[in-house]
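One-letter residues, chain by chain:
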Amino acid sequence: MLLIPCPHCGPRSELEFHCGGEAHIARPTNPAATGDQRWAEYLFYRSNTKGVHAERWLHVHGCGRWFNVRRDTISDRFVTADQIRSAEEGS
Amino acid sequence: MGEAGIAILPLAPSARFSLRLAAAVVEIGEAGGFWLDIPINTCHVAGERMTVRLGPNEWLLFGPQADAIRHDVAATLGDRFFSLVDVGDRDLAFAVAGIHARDVINGGCPLDLDDIVFPAGSASRTLLGKAQIVLIRPGAERLYRIECGRSFALYVRAYLENIAHEFLRSPGSGILA
């Protein structure tokens, strides 16, 4: 069982979370002009990092917010957790 | 109920609202008797009205009269962008009280309920078994309020009673259900 550091709620059990996969994957800004290969890379290609990996988590049974963490995939240790802020909330 | 044994009691119906508010809350502070500017995962009781802050932009509001709450909150928030949804019929509440209340809840809930981590005034959305609940500890006594979806109520109650049976042999214990 992982203890995941939610930036709003502190360390909570993995049971309360949903993993959103690798973080910082930018959606192509102009989908109509994006070729199949580029689109497939956006949808399906992931880095499968061995070591420190940036990923997204949703605290679904908690504060209900998405956030980014960096987790070492070898030791499962969480390195950092960051809030994702919308433009509306400011930074 | 109270300091002896375990009590698992359904609570009387209450009006409930889910408030979502995009604006910064610090400048609002209080809306219609509900304190919005409280730390995340805490509750605040003022008279018959209770505020629970579940996240940075989400609150649950409890009180006896839905119409009065709707009117008071809407009047305070004015033309700010917010959503105030009546969820009074969506949820049911149980009280879990007694010396083993914490043990019984922890039989299905992964939260650390130690007094240091979850003191009086704490409240959080979490899980009990497979059901999502909101766990509220309004005061210092061993009394917890569990809010769960109406359709999960039988499951939640049976789950709690099942665990409570493990504590029947403790001195002074009994189930009041």
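From a predicted model like this one, the values you see are computed outputs, not experimental measurements. (Residues numbered from 1 in each chain as written. Chains lettered and ligands numbered in written order. Predicted model: local features only at pLDDT ≥ 70, side-chain atom pairs only at ≥ 80, totals over all residues.)

Colleague: Can you help me understand the nonpolar core in this one?
Modeller: What tends to happen in soluble globular proteins is that the nonpolar side chains get buried as a cluster. All names here are of chain B. With 52 residues, the main nonpolar core has Val-52, Leu-61, Val-96, Leu-135 and Ile-146 as its most contacted residues. Residues lining this core come from more than one domain, with at least three contributed by each of domain 1 (6-12 + 90-176) and domain 2 (15-86). Those residues in contact with Val-96 that lie beyond four places of it in its chain are Ile-8, Ala-101, Val-104, Ile-105, Tyr-144, Ile-146 and Leu-160. (Core = buried A, V, L, I, M, F, W, Y, C linked by C-beta atoms within 7 Å. Buried ≥ 20, exposed ≤ 12 C-beta atoms within 10 Å, placed from the backbone. Domains from an automatic or database assignment. Contact = placed C-beta atoms within 7 Å.)

Colleague: I keep staring at the environment of Phe67(A) and nothing clicks. Help me out?
Modeller: Assignment of secondary structure puts Phe67(A) in strand β5 (residues 66-72). A sequence separation of 12 residues divides Phe67(A) from Glu55(A), and the C-alpha atoms of the two residues are 8.5 Å apart. (Helix = DSSP H or I, 4+ residues; strand = E, 2+ residues; numbered from the N terminus.)

Colleague: It is not clear to me how the pairing of strand β9 (residues 91-97) of chain B should be interpreted in this structure. Could you clarify?
Modeller: Working note: regular strand, side chains alternate between the two faces of the sheet. Residue and element names in this part refer to chain B. Counting buried residues along β9, 6 of its 7 residues qualify, which places the element largely inside the surrounding structure. Sheet topology places β9 next to strand β12 (residues 143-149); 7 bridges connect them, and they run antiparallel. The residue bridging Val-96 from the neighbouring strand is Tyr-144, located in β12. (Pairing = 2+ DSSP bridges.)

Colleague: Would you explain the interface of chain B and chain A in this entry?
Modeller: By convention, interface size is frequently given as the accessible area that disappears when the constituent parts associate. Taken together, the contact pairs 13 residues of chain B with 11 residues of chain A. Secondary structure elements with two or more residues in the side of chain B that touches chain A: β6 (49-55) and β10 (122-128) of chain B. Among the residues forming the side of chain B that touches chain A, the class breakdown is 6 nonpolar, 5 polar and 2 charged. (Nonpolar A, V, L, I, M, F, W, Y, C, P; charged D, E, K, R; others polar.)

Colleague: Sorry, what's going on with the domain arrangement of chain B here?
Modeller: Residues and elements named next belong to chain B. Partitioning chain B into domains gives domain 1 (6-12 + 90-176) and domain 2 (15-86). Each of domain 1 and domain 2 was reduced to a C-alpha centroid, and the two centroids are 24 Å apart. With 9 residues of domain 1 at the contact, the number on the domain 2 side is 9 residues. Those elements that provide at least two residues to the side of domain 1 that touches domain 2 are β10 and β11 (131-137).

Colleague: Explain the confidence of the model for chain B here, please?
Modeller: Detailed reading of the predicted model is not advised wherever pLDDT is low. Considering every residue of chain B, the mean pLDDT works out to 89; 91% of them sit at 70 or more. This prediction of the complex comes with two scores: 0.88 for pTM and 0.85 for ipTM. (pLDDT = per-residue confidence, 0-100.)

Colleague: I keep staring at the environment of Phe62(B) and nothing clicks. Help me out?
Modeller: All names here are of chain B. Note on placement: Phe-62 falls in strand β7 (residues 58-63). Separated by 28 residues in sequence, Phe-62 and Phe-34 place their C-alpha atoms 8.9 Å apart. Dropping the residues within four chain positions of it, Phe-62 is found in contact with Ser-14, Arg-16, Arg-49 and Met-50.

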